[in-house]
Protein chains: 2
Amino acid sequence: MSKKNILIIGTYDDWDRIPMETSYEAHFMAPDDDPFAIPLATREKIEAIAFRGHSFLGCAKMDAFPNLGMIANLGVGYDTIDVAHAKIRSIKVSNTPDVLTDDVADLAVGMMIAKMRNITGAHEWVSSGNWGRKGDFGLQRKVTGKRVGIAGLGRIGEAVARRLIAFNMEIHYYARSPKNHVSWHYHDDIADLAGAVDILFVTLTGGPATKGIVTRQAIEALGPNGLFINVSRGTTVDEGALLDALESGALGGAALDVYLNEPYIDPRFMQLNNVLLQPHQSSGTFETRQTMGKLQRANLAAYFAGEPLPTQVV
Amino acid sequence: MSKKNILIIGTYDDWDRIPMETSYEAHFMAPDDDPFAIPLATREKIEAIAFRGHSFLGCAKMDAFPNLGMIANLGVGYDTIDVAHAKIRSIKVSNTPDVLTDDVADLAVGMMIAKMRNITGAHEWVSSGNWGRKGDFGLQRKVTGKRVGIAGLGRIGEAVARRLIAFNMEIHYYARSPKNHVSWHYHDDIADLAGAVDILFVTLTGGPATKGIVTRQAIEALGPNGLFINVSRGTTVDEGALLDALESGALGGAALDVYLNEPYIDPRFMQLNNVLLQPHQSSGTFETRQTMGKLQRANLAAYFAGEPLPTQVV
């Protein structure tokens, strides 16, 4: 039996690329390439796409592949895939949920402590020899016991909250409706949540429904001693308002893993001294990326076997 | 009533120095100064020392003050105070336990995540513009679910362990004897403990009893994928062996808050790229330092009032 044809979009590590090349006739495309540059005869053979990255996979790109039946996304967030169009064309879409929840929560908590205790600045203080030359590093902020807000209490938000309980924190959250299985403080408005806490985590899903949901008003409610932490998507926050508040001191500080226009982020971020900046690495561990790749391939294999996808989105 | 005379050793913030100057006739000495440079008439008046810092307060220094009756240490560790000599002379010694436990545990956990996820390197990657110019940051190591060892299960060690449970870690520990109130895996030998885990925290008390207790053998048992974290005292570890193992790769990495000869630490540390270095800032938060200062002054006040010291060591 001849191998099925798939299109691989984005850069993959060997441990993911080689198994796909072994199982399929693999074609490759960079995220921003024009799919119509691929010959029609090849495009017609493509039955599935292994998708990775935060470039847009819209209707025009999908329609370059008339026999496309499935898109296997590497990652939990699929906000850059036009799922409405995929649904119209009966193209199945899968993602890789759950397996990265712990990594994102670990990094979110690590970013909080690193920012509050200035671990990055302290490392530089020692490495540069300043400790011996100039003396004690300045005092920082205590972590344990603070009031914390979580905007978006899905799998990741709850994993963050469960870690923060071990730091004796008072947990507040925003969600579309109160969650019955937790006893934390519910707020039906993000600005109201921000006003009630010292630290605000954003763990919402991306996409149109949450675009700009963290408003200028919410950022200002968090205030000059507040810490803003975003591990969701850059789209969830009014980024101009965030930058304004960080520059003016209306917001105390931020620890960010996500931005608009990654990786070409607003250069205003680089001028700030009250931010901790991470390169969207929340699921960036060897262990989890390998698990994500296996789940992506399990979805591809199920599709070609005519079986239900393990983690289907639409 | 005339004010009592105290000697203040080390640098204090205004919020600590001013209340002491208000309550007492305060004299000042830098940690490495010769106390005999102070006129005898003054030395005879000193009844208590407010001590801070990691310089040695030995018998010679104590005996420069014939009427010394009390040493109030700012900090939980009093390994640089010759308590045996203090006891012989019936000089009371107090410290500031408990109030800094959370801060030390917070920093220890933050150092673990920061090192495993390379938060410091990732921040530099974004700040320098490398993300846009050179692309993705490398993959790091997953935190959740690792096996962790805690050498020294006192207040701080237990506070670290209780936080790590929220990261679904398997807890092992070393102590002089098993602790009945916990169900974690006990090891009666630190090298044995190191061989059983991915990450080793040292939270032992300093002083002669634990000098070099983390041996070359223990460091090598932790191994090339192991992470060594020290928030206790530099004296607890064979530092030469630690540096050798970090340089050769026999040990995977280290996150350190304490060293020999602080702040003039061994320059070999600055040449390593597998370490996270912190400037002994484990209790370095505004909130906790103010609480520590209050407790130090409460001990001084109790001494002069002839009352039991709140947190007496000897």
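Here's a quick rundown of the structure. (Residues numbered from 1 in each chain as written. Chains lettered and ligands numbered in written order. Predicted model: local features only at pLDDT ≥ 70, side-chain atom pairs only at ≥ 80, totals over all residues. Heavy atoms only, no water.)

**Some words on the pattern of salt bridges**
Spelled out, the test is: Only one rule defines a salt bridge in this text: a Lys or Arg side-chain nitrogen within 4 Å of an Asp or Glu carboxyl oxygen. Strands here are runs of E lasting at least two residues and helices are runs of H or I lasting at least four, both read from the DSSP assignment and numbered beginning at the N terminus. Between buried and exposed lies partly exposed: a residue is buried under 20% and exposed over 50% of the maximum accessible area for its type, with that area taken using a 1.4 Å probe on protein chains only.
Considering all chains together, one arrives at 32 salt bridges over all chains under this definition. Close ionic contact of D102 of chain A with R163 of chain A constitutes a salt bridge, the shortest N to O distance being 3.0 Å. Within this pair, whereas D102 of chain A is found in helix α5 (residues 101-116), its partner R163 of chain A is found in helix α8 (residues 155-165), the two being separated by 61 residues in sequence. Between R297 of chain B and D16 of chain B there is a salt bridge, with the nearest N and O atoms lying 2.8 Å from each other. Taken together, the positions of R297 of chain B in helix α12 (residues 286-304) and D16 of chain B in helix α1 (residues 14-23) put the pair 281 residues apart, joining distant regions of the chain. Across the pair, exposure class does not vary: R297 of chain B and D16 of chain B are buried alike. By sharing partners, the salt bridges in this structure join R216, D244, E247 and R268 of chain A into a single network.

**Side note on the pairing of strand β1 (residues 5-9) of chain A**
Regular strands show a simple pattern: their side chains alternate between the two faces of the sheet. Residues and elements named next belong to chain A. Stated formally: A pair of strands is labelled paired if DSSP reports no fewer than 2 bridges between them. Here is how to tell: hold the view so the strands point away, follow the path from the first strand over the helix to the second, and if it runs clockwise the crossover is right-handed.
Of all five residues making up β1, five are buried, and the element is well covered by its neighbours. Judged by which residues are buried, β1 turns out to be covered on both faces: N5, L7 and I9 on one side and I6 and I8 on the other are all buried. In this structure, β1 lies alongside strand β3 (residues 46-51), joined through five bridges in parallel fashion. In the strand pairing of β3, N5 is matched with I46. Of the strand pairs in this sheet, β1 and strand β2 (residues 25-29) are connected by five bridges, and their pairing is parallel. Looking at β2, one finds that L7 is bridged to H27. Handedness of the crossover joining β1 and β2 through helix α1 (residues 14-23) is recorded here as right-handed.

**Notes on the pairing of strand β11 (residues 253-256) of chain B**
All names here are of chain B. Of the two faces of β11, the one holding G253 and A255 and the one holding A254 and L256 are both buried throughout. Where strand β10 (residues 227-230) and β11 come together, four bridges link them in parallel fashion. For I229, the partnering residue across the bridge sits in β11 and is A255. Note that the unit made of β10, helix α11 (residues 239-248) and β11 has a crossover that is right-handed. Sheet topology places β11 next to strand β12 (residues 275-277); three bridges connect them, and they run parallel. Within β12, the position partnered with L256 by the bridge is L277.

**What to know about the interface of chain B and chain A**
Test applied: The contact criterion used throughout is that any non-hydrogen atoms of two residues lie within 4.5 Å. Two N or O atoms count as a polar contact when they lie within 3.5 Å, although within protein this holds only if one can serve as hydrogen donor and the other as acceptor, and sequence-adjacent residues are included solely when both atoms are side-chain atoms.
Contacts between the two partners involve 60 residues from chain B and, on the opposite side, 59 residues from chain A. At the junction of chain B with chain A, the criterion picks out four salt bridges. Taking the shortest distance from any N to any O, the salt bridge between R52 of chain A and D136 of chain B comes out at 3.9 Å. Here chain B is connected to chain A by 22 residue pairs in polar contact (both at pLDDT 80 or more). Those elements that place two or more of their residues in the side of chain B that touches chain A are α5 (101-116), α6 (119-127), α7 (130-134), α8 (155-165), β12 and α12 of chain B.

**Quick word on the relation of the copies chain B and chain A**
Relating one copy of the chain to the other requires a rotation about an axis plus a shift along that axis. To be explicit about the condition: Least-squares fitting of one copy onto the other uses the C-alpha atoms of those residues that reach a pLDDT of at least 70 in both copies.
Mapping chain B onto chain A leaves a residual RMSD of 0.1 Å; the transformation is a rotation of 180° accompanied by 0.0 Å of translation along its axis. In symmetry terms, the pair is related by a two-fold rotation axis. Of all interface residues in chain B, 98% are interface residues in chain A too; the two copies therefore contact each other through one and the same surface.

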